[in-house]
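Residue-level structural notes
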Amino acid sequence: MRLSLSLAAAALLASCAWGPVLEPYAVGAAERMPVAEAATVWGVRQGARLHFTHVDGTSLPSRGGGGYPVSLVLAPGQHTLRAYFVTPDHRSTEQSLTAVVEAGHTYVVEYLLIPGTPAVLLKFVDQGKNQQCSYRRTDELRGTAVLHCTARAAS
């Protein structure tokens, strides 16, 4: 019994440690840029999972077991993003999205389910400069989170 409890506790701790990292991952030149000069791209997490696997053909790291990034910080310009996406009803896709991002803008990858088919279409949506987004965990054990965006406070 004691061994079973120890194993259950270890599994619970390990599963929490393996949840996705929810802070945006800075790619390339964006690592050295002030936030106002870069663009932020958020993946959808409202019951669905989206992970960015590549940017401009370069594979992204798993970030210490936290999985591929679910949000990115990019330098302004054109980028090709590769994303893996799955819905709660197990529809999935892996798609490349080409996007031109602007300094200070916030972008969200949204999805469209094609009625009567298992197909999913990912789309890149510019939220402009006045949005501030973050993830809020909804289930620590499974690592699920919901994306919340609000108007950025005027400066």
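No experiment lies behind these values; they were computed from the predicted model shown.

**Points about the packing of aromatic side chains**
If you walk through the whole model with that rule in mind, you get 3 aromatic pairs. Here the aromatic rings of tryptophan 42 and tyrosine 135 are separated by 5.2 Å at their centres, their planes lie at 70°, and the arrangement is edge-to-face. Here tryptophan 42 is found in strand 2 (residues 39-42), whereas its partner tyrosine 135 is found in strand 10 (residues 131-139), with 93 residues between them in sequence. Here tryptophan 42 and tyrosine 135 have matching classes, each one buried. With a centroid separation of 4.8 Å and 40° between ring planes, the pair formed by phenylalanine 85 and tyrosine 111 is classed as tilted.

**Here we look at the layout of surface pockets**
Considering only enclosed or pocket space, the largest pocket measures out at about 290 Å³ in volume. Taken together, 17 residues line the largest pocket, and the ones lying closest to its centre are Val35, Thr40, Trp42, Thr106 and Arg152. Looking at the lining of the largest pocket, the elements that each hand over two or more residues are strand 2 and strand 10.

**Here we look at the nonpolar core**
Val41, Phe52, Leu72, Leu74 and Leu122 are the most contacted members of the largest nonpolar core, which totals 19 residues. Secondary-structure elements contributing two or more residues to this core are strand 2, strand 3 (49-55), strand 5 (71-74), strand 6 (77-86), strand 7 (92-101), strand 8 (106-113) and strand 9 (120-128). Residues within four places of leucine 72 in sequence aside, it is in contact with Pro24, Tyr25, Val27, Ala39, Thr40, Val41, Phe52, Val55, Leu60 and Leu81. Cys133, Tyr135, Ala145 and Leu147 belong to the second largest nonpolar core, which has 8 residues in total.

**Describing the sheet that holds strand 1 (residues 25-26)**
Pairing is mixed across the open sheet formed by 5 strands, whose spatial order is 1-5-2-8-9. With one partner strand each, in any of the chains shown, strand 1 and strand 9 form the two edges of the open sheet.

**Re the sheet that holds strand 7**
Pairing is antiparallel across the open sheet formed by 4 strands, whose spatial order is 4-3-6-7. Strands at the two margins of the open sheet, each flanked by one partner only, are strand 4 (58-59) and strand 7. Bridge count for strand 6 against strand 7 is 10 bridges, and the pairing is antiparallel. Counted as the bridge partner of phenylalanine 85 is threonine 93 from strand 7.

Reading the values: rules and limits
Residues numbered from 1 in each chain as written. Predicted model: local features only at pLDDT ≥ 70, side-chain atom pairs only at ≥ 80, totals over all residues. Heavy atoms only, no water. Phe/Tyr/Trp six-rings, centres within 6.5 Å; stacked < 30°, edge-to-face > 60°. Helix = DSSP H or I, 4+ residues; strand = E, 2+ residues; numbered from the N terminus. Buried < 20%, exposed > 50% of the residue type's maximum accessible area, 1.4 Å probe, protein only. 1 Å grid on protein atoms, 1.4 Å probe; cavity = no way out; pocket = protein on both sides within 12 Å on 5 of 7 lines; lining within 4 Å. Points joined across faces, edges and corners; volume = space filled by probe spheres on them. Core = buried A, V, L, I, M, F, W, Y, C linked by side-chain atoms within 4.5 Å. Contact = heavy atoms within 4.5 Å. Pairing = 2+ DSSP bridges.

Limitation: the analysis is restricted to geometry and does not speak to function.
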